[in-house]
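In case you want the letters, here they are:
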Amino acid sequence: MSAASGGQEHSFPERLAGWLYTHPRTVAALLAGLLLASAGSLPFLEMESGLDPFFDRTSPLQADLDSVNGHFVNDELIYVAYRTDDVFSRTSLEQVRALSEALQHLRLPGGEAEFSPVDKVTSLTHVKDLVGDADGFRTVPLVPEPTPEDPAALAALRERARRNPLIHGGLLSDVSPTVGALSVRLVDGLDDAQKAALVAEVRRLLAQEEQRGPTRFFLTGDPVIDADVAYHMQVDLERFVPIVYALVVVLLWMFSRRVPGVLLALANVTGALLVGMAALTWVGGSINNLSTILPPVMMVLGVANIIHFLSEWARNAREETPERAPVRTLAELLVPVFMCDLTTAVGFIALSVSPTPAMREFGIAAALAVMLSMVVTFLVLPLASRLRPASWYIRREQVRTPGWLDAWMAAYIRWVFRHPRWLVAASVFIVLIAGAGLLRLTVNEDNLEQFGEGTTLRQHTAFVEEHLGGTTQIVVSIRAEEPERFLEPAELRKLEALDAFLRREVGADHVTSLVDHVKLLHREFDEGRPESFRIPDTREQVAQLLQLDGDESLGEAVDASYQWVRGVARVREHGSTRLQELYERVNVYLQEHFPAREGYHAMATGQGRLWLEMTDNIVGSQVNSLALSFLLIFGPIFLVFRSVRAGLFTIPSNLFPIVCVMGWMGWTGIPLSLSTTMTSSVVLGIAVDDTLHFIQYMRERLRAHGNPERALAETLSTKGLGALWIALVLGVGMSVVVVSSFSPTRYFGLLTALAMVAGLVGELLLLPPLLLVTRTRLGVETPPQPGEPVLGTTSSTP
């Protein structure tokens, strides 16, 4: 096979196809090596459940939070609310004491020895209270040991807890006397697996307690959300893969009606899945809330490649010898499949400009996986063709579409030629409507709303926030230039005004700061008189009170030099849009009342602030990745076609689905989030494939006879139904992620499936009439043949 028919040398695709077919041992060794290397790397693929993979740990905001947490305490808390007959009954208090002790002494395996993941448990039985009397005041446990039995003593404990602002609201409900709470502060530096193990142990302990009595427990907090994300990610993977495999079987059976053809597709899909997951490991990525969509993407693309090959192989088998047919098929598909997979990979690689680490890793891994899956396909197919002829994998007779579909396409072709301007106008109208929806797009990431309203986590969080206030913490840090500045009553009054602002303007349910400690100390020093619950008049009084305080929780509010204070406001907001507004309000207040020119360094920080930085990056990454996708995809297309005119006509029909889908998001209120922000770049890379086939085929027909209208009719008849079939495969394949436990992942699958449909509409509704209206020859200069009839006139029909 050194020369082509007619004495001409073979092109590179034909030479490569011939080599693949005639060297089965080498091809099998290459395939086995790639698959074994992929399988061998899978044990090193990690799962990261939380938002850590999405944070830029080198950002200044991260450094600020690390500084505050390192100077004071880690701000990661697990909230445990409980409902019982009476929070201050002896039975309930003893149960809380035992549970608190068990939580405080939890141990987890780590390395060579066990370690404690819990820094501090705060509960009614593990919190200090101030008691004032004639001799002064002292710090004592709120609930002494042994737990009192006398109802009067228990009632006194309730009253003391109610009067203490550091206890009331945080550990004791304002809404119901039967609801209390405790919090578990995590040690700093736990990874996702350790947090998940801790949450699992907490749940185990709570389940044991519920079996012993009527008390019911409610668990929430960021570590709990992270742990549940990990669980549902695993569930998603367990769902996605079997569903896609089932779809492969159904679609390939409908297409080939041959069991070996279905098995061939399954083998190719399995190979694509293996290299896809291995690519994550090779680029240093992980399985996270974003990369769980990679398996169905790889499997669906693997199916599309097989459909292209089997279809062309069946056609060539009717015209060529059994040995020549697969070689010709491989040669014909090599360039177009390479270009299609390259544009798809470019759509993913464009995500690498994102400042979000997980998105960068996913984009690079997915791009590598797409190209490697193409390699798998072109290694599997020649081996399969050496084993059996085409008729063993697909029906030998021509695969026909249903008669009604052929009739519909013929009628549509006639309509295109009769009303091209109306169709272009209709497309423009759709774009304008969608464009109006773009103006309504919002950016919002809600870590809690990833879960359905009926999930246990959502229900538990709702209960905690209804009875005990918000679980989202806004941490306020204010550092002065000189030591002991916050011993001044004037400074404490400024902090008191800040606390009032946080409650009034930010909507915080519960605010704790140095002011609470000072006012409580002052009241108890004055024998508990209510009127003394205020800031003392002199600096000396403040200093004396703070030196007498024996409550270690004071260190969470102020440092030993009284130069740096920390306050915490708990709010019920979980969406990034609303939280952004709250943080902006707080920072504006801090800049106004604690300005840098007066020696303050004031900021609002916390895990939520890092999360907002992440969502802010979404907008930039959406614009940047889409712009980069546009350049990297359409640039090579211009070069391949060697025609500016042909390249320009690939743009409108591929921007059409992006505008439609993004506009639909705006009209329906679906926000840009971690998952949905990828839709445009990914869809652009996938949707352009059919346009490449369409334009390339029409250029071939123009070279054959030079008649643009006839070439368009032939292209619609040949490629129109093919585009419909591929859109069906990709759309149905991507729609499997709607079974995900996470709404962002469901949205990605839904939007991608809709984009495939919109891409098909753009391919048929916009591109053909646009070609007719402009009467373009797509850069092909071959003149019409003499006497060639022109389609669309009264003398001819499509």
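What counts and what doesn't
- Sequence order as written defines residue numbering, which begins from 1 separately in each chain.
- Side-chain atom pairs in this predicted model are given and counted only at pLDDT of 80 or more, local residue features only at pLDDT of at least 70, and totals for whole chains, interfaces and linings cover all residues.
- Side-chain measures here rest on the full set of heavy atoms in the structure, leaving out hydrogens and waters.
- Note on geometry: axes are C-alpha line fits, over the in-contact stretch for helices, and angles between N-to-C directions span 0 to 180 degrees.
- Secondary structure elements are defined from DSSP: runs of H or I of at least 4 residues count as helices, runs of E of at least 2 residues count as strands, and each element is numbered from the N terminus.
- We call two directions roughly parallel when the angle between them is under 35 degrees, roughly antiparallel when it is over 145, roughly perpendicular when it lies between 65 and 115, and oblique otherwise.
- Contacts are assigned to residue pairs that have any heavy atoms within 4.5 Å of one another.
- Note on residue categories: nonpolar means Ala, Val, Leu, Ile, Met, Phe, Trp, Tyr, Cys or Pro, charged means Asp, Glu, Lys or Arg, and polar means any other residue, Gly included.
- Here a salt bridge means any side-chain nitrogen of Lys or Arg lying within 4 Å of a carboxyl oxygen belonging to Asp or Glu.
- When a residue's accessible area, from a 1.4 Å probe over protein chains only, is under 20% of the maximum for its type it is buried; when over 50% it is exposed; and in between it is partly exposed.
- Every helix has an expected span of 1.5 Å times one less than the residues it contains.
- Directions are taken from the helix axis to each C-beta atom, and the arc is the one they span.
- Here a strand pair is declared whenever DSSP counts at least two bridges between the two strands.
- A pair of Phe, Tyr and Trp rings is counted when the ring centres sit within 6.5 Å of each other, with Trp represented by its six-membered ring. The angle between the planes then sorts it: under 30 degrees is stacked, over 60 is edge-to-face, the rest tilted.
- By nonpolar core we mean a set of buried residues, namely Ala, Val, Leu, Ile, Met, Phe, Trp, Tyr and Cys, connected to one another through side-chain atoms within 4.5 Å.

### Comments concerning the packing of helix H10 (residues 324-349) against helix H11 (residues 357-387)
Now for step 1: Taken N-terminus to C-terminus, the directions of H10 and H11 make an angle of 170°; their axes are 8 Å apart at the nearest point. As summarised for this structure, H10 and H11 are arranged roughly antiparallel, according to the angle between their axes. Across from Pro326, Leu330, Leu333, Leu334, Val337, Phe338, Asp341, Leu342, Thr344, Ala345, Phe348 and Ile349 in H10, the residues of H11 making contact are Phe362, Gly363, Ile364, Ala366, Ala367, Val370, Met371, Met374, Phe378, Leu381, Pro382 and Ser385.
Now for step 2: Of the residues assigned to the contact of H10 with H11, the class counts are 20 nonpolar, 3 polar and 1 charged.

### A few points about the pattern of salt bridges
Now for step 1: According to the stated counting rule, one finds 30 salt bridges in the structure shown.
Now for step 2: Among the ionic pairs, aspartate 129 bridges to arginine 160, the shortest N-O distance being 2.8 Å. A residue pair is termed long-range when its members are at least 10 positions apart, and aspartate 129 in strand S5 (residues 128-133) and arginine 160 in helix H5 (residues 151-163) qualify at 31 residues.
Now for step 3: According to the relative accessible area criterion, aspartate 129 is buried, its value standing at 4%.
Now for step 4: The salt bridge involving glutamate 332 is made with arginine 328; its shortest N-O contact spans 2.9 Å. Taken together, the positions of glutamate 332 and arginine 328, both in helix H10 and 4 residues apart, correspond to about one turn of that helix.
Now for step 5: One salt-bridge network, held together by shared partners, links Glu319, Glu320, Arg328 and Glu332.

### Let's talk about H5
Now for step 1: Across its 13 residues, H5 extends 19 Å between first and last C-alpha, which sits within 8% of the 18 Å expected from 1.5 Å per residue.
Now for step 2: The set of residues buried in H5 consists of Leu154, Leu157 and Ala161. Viewed along the axis of H5, the buried residues span an arc of 50°, placing them on a single side of the element.
Now for step 3: Tucked into the core, H5 has its buried residues touching helix H4 (90-104).

### Observations concerning the environment of asparagine 444
Now for step 1: Its location among the elements puts asparagine 444 in the loop between helix H14 (420-438) and helix H15 (456-468).
Now for step 2: Between the C-alpha atom of asparagine 444 and that of glycine 575, which follows or precedes it by 131 residues, the distance is 6.1 Å.
Now for step 3: If near-sequence neighbours (up to four positions away) are discounted, asparagine 444 is found in contact with Gly575, Ser576, Thr577, Pro671, Leu672 and Ser673.

### Structural notes on the sheet that holds strand S12 (residues 600-605)
Now for step 1: Strand order across the open sheet formed by 4 strands is S10-S11-S9-S12, with antiparallel pairing between neighbours. Lying at the two open borders of the sheet, with one neighbouring strand each, are strand S10 (510-512) and S12. Taken pair by pair, the neighbouring strands of this sheet meet at an average axis angle of 10°, ignoring direction.
Now for step 2: Across 8 bridges, the pairing between strand S9 (residues 472-480) and strand S11 (residues 564-571) is antiparallel.

### Regarding the packing of aromatic side chains
Now for step 1: Taken as a whole and assessed by the stated rule, the structure comprises 10 aromatic pairs.
Now for step 2: Ring geometry for phenylalanine 218 against phenylalanine 463: centres 3.7 Å apart, planes inclined by 15°, an arrangement best described as stacked. Placement of the pair is phenylalanine 218 in strand S8 (residues 216-220) and phenylalanine 463 in helix H15, with a sequence separation of 245 residues.
Now for step 3: Of the residues examined, phenylalanine 218 reaches a relative accessible area of 3% and is grouped as buried.

### As for unusual backbone geometry
Trans peptide bonds make up most of the peptide bonds, and negative phi angles are found at most residues other than glycine.
Now for step 1: With an omega dihedral of -5°, the bond running from glutamate 145 to proline 146 counts as a cis peptide bond.
Now for step 2: Tracing the backbone shows proline 146 in the loop between strand S6 (136-141) and H5.
Now for step 3: Even without being glycine, glutamate 484 reaches a positive phi, approximately 60°.
Now for step 4: By the element assignment, glutamate 484 lies in the loop between S9 and helix H16 (489-504).
Now for step 5: Of the residues examined, glutamate 484 reaches a relative accessible area of 37% and is grouped as partly exposed.

### Section: helix H2 (residues 24-41)
Now for step 1: Relative to the 26 Å expected for 18 residues at 1.5 Å per residue, H2 spans 26 Å between its end C-alpha atoms, a close match to the ideal helical length.
Now for step 2: Within the span of H2, buried status applies to Val27, Leu31, Leu34, Ser38 and Ser41. Taken around the axis of H2, the buried residues stretch over an arc of 110°, which confines them to a single face. Exposed residues on H2 whose side chains face more than 90 degrees from its buried face are Arg25, Ala29 and Leu36.
Now for step 3: Elements in contact with the buried residues of H2: helix H1 (12-22), helix H8 (259-282) and H11.

### Some details on the pairing of S9
Both faces of the sheet carry side chains from a regular strand, because those side chains alternate between them.
Now for step 1: Among the 9 residues in S9, 8 count as buried, and that is most of the element.
Now for step 2: Pairing geometry for S9 and S12, over 6 bridges, is antiparallel. Considered in S12, the bridge of isoleucine 478 is made with alanine 602.

### With respect to the nonpolar core
Now for step 1: If you look at the biggest cluster of nonpolar residues, it comprises 138 residues, and the most contacted ones within it are Leu310, Ile478, Leu498, Leu502, Leu514 and Leu546.
Now for step 2: If you look at the next biggest cluster of nonpolar residues, it comprises 44 residues, including Tyr82, Leu205, Leu219 and Leu448.

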